[in-house]
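Chain by chain, the residues:
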Amino acid sequence: MDDRIEQSDFERQRLDNVRPPAWLNPRPHALYDLVVIGGGPAGLVACEFAVELGARVALIERDALGGNCLNVGCIPSKALIRTARLYAEMRSAGHFGARAIETARADFPAAMERMRRIRARLSRGDSAARLAEAGVDVFYGDGAFGGPDCVDVAGSRLRFRRALIATGARPDTPRIPGLAEAGYLTNESVFDLTGLPPRLLVIGGGPLGCELAQAFGRFGARTTIAQEIPLFLPKEERDAAQLLSEALARDGIEVRLNTEAVRVHVENGAKIVDLVSDDYHTQIAVDEILTGVGRVPNVAGLNLEAAGVEYDAVAGVAADDFLRTSNRRIYAAGDVTLAHAYTHTADASARIVVRNALLRGRARVSALTIPWCTYTDPEIAHVGLYVREARERDIPVRTFTIPMHDVDRAITDGEERGFVKIHVHDHSDRILGATIVARHAGEMINEITLAMVAGIGLSTLARVIHAYPTQAAAIRQAAIAYERTRVPPRKRAMRARAG
Ligand SMILES: Cc1cc2nc3c(=O)[nH]c(=O)nc-3n(C[C@H](O)[C@H](O)[C@H](O)COP(=O)(O)OP(=O)(O)OC[C@H]3O[C@@H](n4cnc5c(N)ncnc54)[C@H](O)[C@@H]3O)c2cc1C
């Protein structure tokens, strides 16, 4: 079957689920317990939780249900990253004792087709029909407050007892002269590419920029990544960011740190970008430019003034620890209000809102323990405090580090680059935070998160039997390193004599 026909079938399936072309908005009820604006992860979780409680719920979505995550974020990026990793492994097969496929040329359209198939499949879980069946009134259109207790959408006025703003965020536009005229990609357009750009410049070294630069580089695009400051992922610990720079360079990506794109123009069909690093000026010619320079909250057009909701164009909707806005009936969740913009925080914050808004709960955002992960190879995951944050707060901290090259399974898997680093409160085994750089760091960080949430210290982790050989055993090795510091000096001497 023709590839393009199949591709458009997957797209049709996705849109039938999350933006059904023939959808008719329902006739509104006189009063809703909860009106949710925005059908991304935050809005969807809130709706599902609220109807389970028996609430009368309306959801307003202006584009496609599933939001950024399903349509232009987590899902398409992770699907492409997986295929890109396969190509990287095929090229390095010799390292694994297999015959290297030097000529493994990526079939980019096939990778995109797989991504669309996966996205279409996962869209079933976010479908309008499924929500309607569960009892949610789904309205398509731009939601805007008509007053402190009502929202207008597509000619209907929805009155509410409580409302949730879950309108998410969109890509920030870099202010580079000539860029708009030359044309550029963001996460909203990059997953629509039909062919692999032979030469790609990625501007921005945050999670999005690093993940996609590595994936496109592995597909075979000659990729350059430019980051204004001297390291990637500025939030992360320096050694983690350094390992990432090295990993990108090993993938053949040209890493330009401390480098700013200052001007773009088009010459003979190529985009010519002026790059400046201190006083060093250079130009590169590329076919596409992908920008990942930050995100801005979707607050415009909501008529927040009419509802008495305070907001900031950069920080988003202002909400307190209970996620309540300056209008006590209206709450906010997800990227439009949180500093930690992830799908799992959108989910967690939506649950807090429903508890507080409908069950008179007192759940707080500040009580959440939030892990995160950048899905490069190796992955970089973190939870809790960084050492610098502990020092800023005068918390005495002690760190236990296990390099992955000391972990048997990482060695057998040929995945030795990285480390597990666990920070504890000095003189105790209480875990304050951890950074993991490893192929499966995103999976491994969950064990530390569980320990932190459940108040499990390193002493207990040292006693937990980990299946052998696993990479997560690195966590137990760090815990055992902690335990060793607790052995009384006499026993240490005995051990030393015993050799
Ligand atoms: C490329 C990329 C990769 C990512 N990868 C990951 C990852 O691996 N893991 C992770 O945890 N996070 C990841 N994220 C972040 C994640 O996608 C977001 O944190 C998450 O989608 C936020 O959910 P949300 O519901 O707050 O907002 P969104 O997903 O942005 O959804 C908001 C919804 O509101 C709608 N809307 C906006 N304004 C209105 C209005 N006025 N009326 C009606 N509807 C409106 C929008 O159309 C949208 O559907 C990634 C993001 C990107 C861009």
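In the block above lies the structure referred to throughout.
Quantities reported herein were computed from a predicted structural model and do not represent experimental measurements.

**Q** Before we go on, may I ask you to explain unusual backbone geometry in this structure?
**A** Residue D377 is joined to P378 through a cis peptide bond whose omega torsion reads 5°. Tracing the backbone shows P378 in the loop between β19 (371-374) and β20 (379-384). The amide bond that connects Y468 to the next residue, P469, takes the cis arrangement and shows omega of -10°. Mapped onto the elements of the fold, P469 is located in the loop between α15 (458-463) and α16 (473-484). Here N268, not a glycine, exhibits a phi torsion of approximately 45°, which is positive. Secondary-structure assignment places N268 in the loop between β11 (260-267) and β12 (270-277). Phi at D394 takes a positive value of approximately 60°, unusual for a residue other than glycine. Note on placement: D394 falls in the loop between α12 (387-392) and β21 (397-403). The class for D394 is exposed, based on a relative accessible area of 69%.

**Q** Is there a simple way to explain the environment of L257 in this structure?
**A** In this fold, L257 is placed in the loop between β10 (254-256) and β11. Overall, the relative accessible area of 23% leaves L257 in the partly exposed class. Sequence spacing of L257 and A247 is ten residues, and the spatial spacing of their C-alpha atoms is 14 Å. L257 has contacts with Q227, I229, P230, L231, F232, S245 and S277, leaving out every residue within four places of it along the chain.

**Q** Just to check I follow, could you spell out the sheet that holds strand β14 (residues 288-291) for this structure?
**A** Hydrogen bonding along the main chain pairs the strands of a sheet, whether they run parallel or antiparallel. One open sheet accounts for four strands, arranged β10-β9-β8-β14; its pairing is parallel. Single-partner strands in this sheet number two, and they are β10 and β14. Each adjacent strand pair in this sheet contributes to an overall mean axis angle of 20°, direction not counted. Of the strands in this sheet, β8 (199-203), β9 (222-226) and β14 touch helix α8 (residues 207-219), which is tilted by about 165° from β9.

**Q** How should the site of the ligand be read in this particular structure?
**A** Near the ligand, the surroundings consist of 38 residues, among which E61, N68, K78, D335 and T343 are the closest. A distance of 2.8 Å separates an oxygen atom of the ligand from a polar atom in the side chain of N68. Within the backbone of C69, an N or O atom sits 3.4 Å from an oxygen atom of the ligand. Protein contacts shield 93% of the accessible area of the ligand, which totals 1000 Å² for the unbound molecule. At the level of elements, α2 (41-52), β2 (57-61), α3 (67-72), α4 (74-91) and α11 (343-358) are the ones that each hand at least two residues to the shell around the ligand. The dominant element in the shell around the ligand, judged by the number of residues it contributes, is α3, at four residues. Its residues placed into classes, the shell around the ligand shows 16 nonpolar, 15 polar and seven charged.

**Q** Looking at this structure, how should I read the environment of R393?
**A** Here R393 is to be found in the loop between α12 and β21. For the pair R393 and R218, spaced 175 residues apart in sequence, the C-alpha to C-alpha distance is 41 Å.

**Q** Where do I start with the nonpolar core in this structure?
**A** Considering soluble globular proteins, one finds that nonpolar side chains tend to be buried as a cluster. Counting 36 residues, the largest nonpolar core has V57, L59, L65, L131, V136 and L164 as its most contacted members. Broken down by secondary-structure element, the contributors of at least two residues to this core are β1 (32-37), α2, β2, α6 (128-134), β3 (136-140) and α11. Counting residues per element, this core draws most heavily on α2, at eight residues. Apart from residues no more than four positions distant in its own chain, L59 is found in contact with V36, G38, G39, L44, C47, L65, L131, V136, D137, V138 and F139. Grouped together as the second largest cluster of nonpolar side chains are 35 residues, L193, F219, I253 and V437 included.

**Q** What exactly am I supposed to notice about the environment of N327 here?
**A** Positionally, N327 belongs in the loop between β17 (316-317) and β18 (330-332). Between the alpha carbons of N327 and F419 there is a distance of 46 Å; along the sequence they are 92 residues apart. Discounting residues that sit within four places of it in the chain, N327 has contacts with P148, A307, G308 and V309. Engagement of the side chain of N327 in a polar contact is seen with the backbone oxygen of P148, the distance being 3.2 Å.

**Q** I tried to follow the sheet that holds β12 on my own but got confused; where do I start?
**A** Spatial ordering of the open sheet is given by β11-β12-β13, a layout of three strands whose pairing is antiparallel. The open sheet is flanked by β11 and β13 (280-286), the only strands paired with a single partner. Geometrically, the sheet is characterised by an average inter-axis angle of 20° between neighbouring strands, direction not taken into account. Pairing analysis gives seven bridges linking β11 to β12, with the strands arranged antiparallel. The residue of β12 that forms the bridge with A261 is L275.

**Q** I tried to follow the side chain of N356 on my own but got confused; where do I start?
**A** Considering the arrangement of structural elements, one finds N356 in helix α11. There is a polar contact of 3.3 Å between the side chain of N356 and the backbone nitrogen of R362. Residue contacts for N356: discarding those within four places in its chain leaves F322, Y331, G361, R362 and A363.

**Q** Even after reading the chapter, I still don't get the packing of aromatic side chains, so can you show me in this structure?
**A** Where two aromatic rings form a pair, the distance of their centres and the angle of their planes describe that pair. Tallying each qualifying case throughout the model produces nine aromatic pairs. Relative to F219, the ring of F108 lies with its centre 5.4 Å away and its plane at 80°, an arrangement referred to as edge-to-face. Placement of the pair is F108 in helix α5 (residues 108-123) and F219 in helix α8, with a sequence separation of 111 residues. We note that F108, like F219, is buried. Ring geometry for F145 and F160: centres 6.2 Å apart, planes at 80°, overall edge-to-face.

**Q** Explain the pattern of salt bridges here, please?
**A** Under the definition given, this model contains 26 salt bridges. Of the charged contacts, one joins R199 and D287 as a salt bridge, the two residues approaching to 3.0 Å between their closest N and O atoms. Taken together, the positions of R199 in strand β8 and D287 in the loop between β13 and β14 put the pair 88 residues apart, joining distant regions of the chain. For R199, a relative accessible area of 24% puts it in the partly exposed group. Taken together, the shared-partner salt bridges in this structure form one network comprising R85, E89, R218, D251, D377, E415 and R439.

What counts and what doesn't
- Residues numbered from 1 in each chain as written.
- Predicted model: local features only at pLDDT ≥ 70, side-chain atom pairs only at ≥ 80, totals over all residues.
- Heavy atoms only, no water.
- Helix = DSSP H or I, 4+ residues; strand = E, 2+ residues; numbered from the N terminus.
- Buried < 20%, exposed > 50% of the residue type's maximum accessible area, 1.4 Å probe, protein only.
- Contact = heavy atoms within 4.5 Å.
- Pairing = 2+ DSSP bridges.
- Axes fitted to C-alpha atoms, helices over the stretch in contact; angles between N-to-C directions.
- Near = heavy atom within 4 Å.
- Polar contact = N/O pair within 3.5 Å; in protein donor to acceptor, adjacent residues only side chain to side chain.
- Areas by Shrake-Rupley, 256 points an atom, 1.4 Å probe, with all protein chains shown as cover.
- Nonpolar A, V, L, I, M, F, W, Y, C, P; charged D, E, K, R; others polar.
- Core = buried A, V, L, I, M, F, W, Y, C linked by side-chain atoms within 4.5 Å.
- Phe/Tyr/Trp six-rings, centres within 6.5 Å; stacked < 30°, edge-to-face > 60°.
- Salt bridge = Lys/Arg side-chain N within 4 Å of Asp/Glu carboxyl O.

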